Amino acid sequence: MNAEIFAALKQLERERGIPTDYMVDKITQALTAAYKKNCEGYKENIHVVLGEEGIRMYAQKEVVDEVLSPMTEITLDAAREIESTAQLGDLVDVDIEPKGFGRIAAQTAKQVIIQGIREAEHGMIYDNFSSKQHEILTGTVLRISPDSGDMTVRIGQGSDRTDAYLNAGEQVRGERYREGDLIRVYIADVRRGTRGPQIIVSRTHPGLVKRLFEMNVPEIEDGLVEIKSIAREAGSRTKLAVCATEENIDPVGACVGPRGGRVGAVVDELHGEKMDIVVWSEDPEEFIASALSPADVISVTLAPGAKACRVIVPDDQLSLAIGKEGQNARLAARLTGYKIDIKPASQADAEPFPAPAPEEEE
C-alpha cells in the first residue's frame, strides 16, 4: 500500500507541482486525527509516521511506578523492554496497531490525495486568473439560465480552462448570445470560494473599453498616450479622456487612428457603442468644456467650495450639450467628477450662481 501511495504522490508532484513532503504531512495529519477518533483513550500522545518503508503509529507514554492510565503511562520494566536506558519520568514511544489500521490508512490516504488534487487545481486556477484580473479573454458560452439570464462562460486554454460567471447585470442590454458562441469578456474579479475560485466577468465594465483601446492603440501601450478617465453607459455611449505624455502627440488622433480604424475596431467589438474621445486637462474648466463635446461651450464657472460648475452654451447647442435623456451631460459629469449645471447663453445672467450649501455643525 505504501508503494502505491508514494507512487501516486510522486505522480501528483510531477503533474500538479504539489511537493510530496507536503502531501505526506497532510496524510499524516489525517491519519492521526482518524486514529485519535477511533482509538478510545488515546489523546494528544498518539503519532503517525508515514514513510516509503511503511506506516508506523505509536503512543508516547510516560514511565511511572504505578500505571493509572494505560493509554498514557507505562511501567519502568515495560519501558526498558522498548528502551533499555529508560528512566522514571521519560517518554517512550510504544508501537500500537488498532483493529482496521491498514483499511483506515488506505482510505484516509486516498481521500487526502483526492482533496490535495482538488485544492491544487483550485489554487492553480486562482493564481492563474488572479494574474489575469482586469484583462480581456475570449470564452465560449456554455450555459444561459432561462430564468435569470446569467451565463456561464468557459475561459482559458488547455488545463488552465475554467468556468466564469457573466451575470445578467454585467451583460450589455441588446447583446444576444447562444450556447456555443464565442464572447470576449473582462475579468472583473477573482474570489476564493468554498467550492473553488469564482471568476466574475463583465461586458459592461469601463475597464473593457480601456483594455480594448490599449490593444488597438500602440501609443497607449508605449506610454505616449494615457487614458485618464472613462465614463460608460454600456451598449449606448462612452466618454474617454486621454492626454499625451510627450509634446507633438495628438492623443485623440492616436486613439481614432488612420481613417478611424482604431476607434472603429473598438466600436465593432462593442457592437456599435458610440465613443467620445476628449482631451484631459489639469485645468477643470478646460476639462469640463472638453467633456461636453460635441457641444460648443462659451464659458465654465466653478462653484466656490464645491465640485460643481455652471456651463454656458449657445442657445442652439443646449440640447446637444445635455444630450438625449441627459446622457451627454450625465457622462460628462461622471468623467470629470463635477456636478454640471448647463444654461443657454440667453439665460446666462437670469439666475445667480447657486451658493454652496452651508457646512453642518458637528
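Provided above is the structure to which this section pertains.
So, how was this worked out
- Residues numbered from 1 in each chain as written.
- Predicted model: local features only at pLDDT ≥ 70, side-chain atom pairs only at ≥ 80, totals over all residues.
- Heavy atoms only, no water.
- Helix = DSSP H or I, 4+ residues; strand = E, 2+ residues; numbered from the N terminus.
- Buried < 20%, exposed > 50% of the residue type's maximum accessible area, 1.4 Å probe, protein only.
- Contact = heavy atoms within 4.5 Å.
- Axes fitted to C-alpha atoms, helices over the stretch in contact; angles between N-to-C directions.
- Parallel < 35°, antiparallel > 145°, perpendicular 65-115°, else oblique.
- Left-handed = near helix turned anticlockwise from the far one by under 90°.
- Pairing = 2+ DSSP bridges.
- Phe/Tyr/Trp six-rings, centres within 6.5 Å; stacked < 30°, edge-to-face > 60°.
- Lys NZ or Arg CZ within 6 Å of the ring centre and 35° of its normal.

1. Quick notes on the overall build of the protein chain
Consideration 1: Counting its regular elements, the protein chain contains eleven helices and 15 strands.
Consideration 2: Looking at the protein chain as a whole, 39% of its 362 residues are labelled buried.
Consideration 3: Sequence-distant contacts, at least 24 apart, represent 57% of the contacts inside the protein chain between residues at least 6 apart.

2. Focus: the packing of helix H5 (residues 206–216) against helix H8 (residues 261–269)
Consideration 1: Axis separation between H5 and H8 bottoms out at 9 Å; the angle between their running directions is 140 degrees. If you check the angle between H5 and H8, you find them oblique. Relative to H8, the crossing made by H5 is right-handed. Two secondary-structure elements touch here, H5 through Leu212, Phe213 and Asn216 and H8 through Arg262, Val263, Ala265, Val266 and Glu269.

3. Quick notes on the sheet that holds strand S11 (residues 237–244)
Consideration 1: Taken in spatial order, the three strands make up an open sheet running S10-S11-S12, and their pairing is mixed. A strand with exactly one partner marks an edge of an open sheet, and here the two such strands are strand S10 (225–233) and strand S12 (274–279). Going from strand to strand, the sheet's axes swing by 20 degrees on average, the running direction of each strand aside.
Consideration 2: When S11 meets S12, the two strands line up parallel, connected through six bridges. By the bridge assignment, Lys239 is partnered in S12 with Asp276.
Consideration 3: Against the sheet, helix H11 (residues 327–336) engages S10, S11 and S12, with an angle of about 135 degrees to S10.

4. Examining the sheet that holds strand S13 (residues 299–302)
Consideration 1: The three strands are arranged S13-S14-S15 in an open sheet whose pairing can be described as mixed. Edge positions in the open sheet fall to S13 and strand S15 (339–344), since each of these has one partner strand only. Between one strand and the next, the sheet's axes are offset by a mean angle of 20 degrees, whatever the strand orientation.
Consideration 2: When strand S14 (residues 308–313) meets S15, the two strands line up parallel, connected through six bridges. Across the sheet, residue Cys309 finds its bridge partner in S15, namely Ile340.
Consideration 3: Along the sheet, helix H9 (residues 284–291) makes contact with S13, S14 and S15, crossing S13 at roughly 130 degrees.

5. Let's talk about the packing of aromatic side chains
Consideration 1: Enumeration over the complete set of coordinates arrives at one aromatic pair.
Consideration 2: Geometrically, the ring pair formed by Trp280 and Phe287 is edge-to-face, given 6.5 Å between the ring centres and 65 degrees between the ring planes.
Consideration 3: A relative accessible area of 25% means that Trp280 is categorised as partly exposed.
Consideration 4: Owing to a relative accessible area of 7%, Phe287 belongs among the buried residues under this scheme.
Consideration 5: Here the basic side chain of Lys132 rests over the ring of Phe129, its NZ or CZ set 5.8 Å away from the ring centre.

6. With respect to the environment of Lys10
Consideration 1: With respect to the helices, strands and loops of the structure, Lys10 is situated in helix H1 (residues 2–16).
Consideration 2: With sequence-adjacent residues up to four places away left out, Lys10 is seen in contact with Thr20 and Glu52.

7. Some details on the pairing of S13
Consideration 1: One ladder, built from four bridges, connects S13 with S14; its direction is antiparallel. Across the sheet, residue Leu302 finds its bridge partner in S14, namely Cys309.

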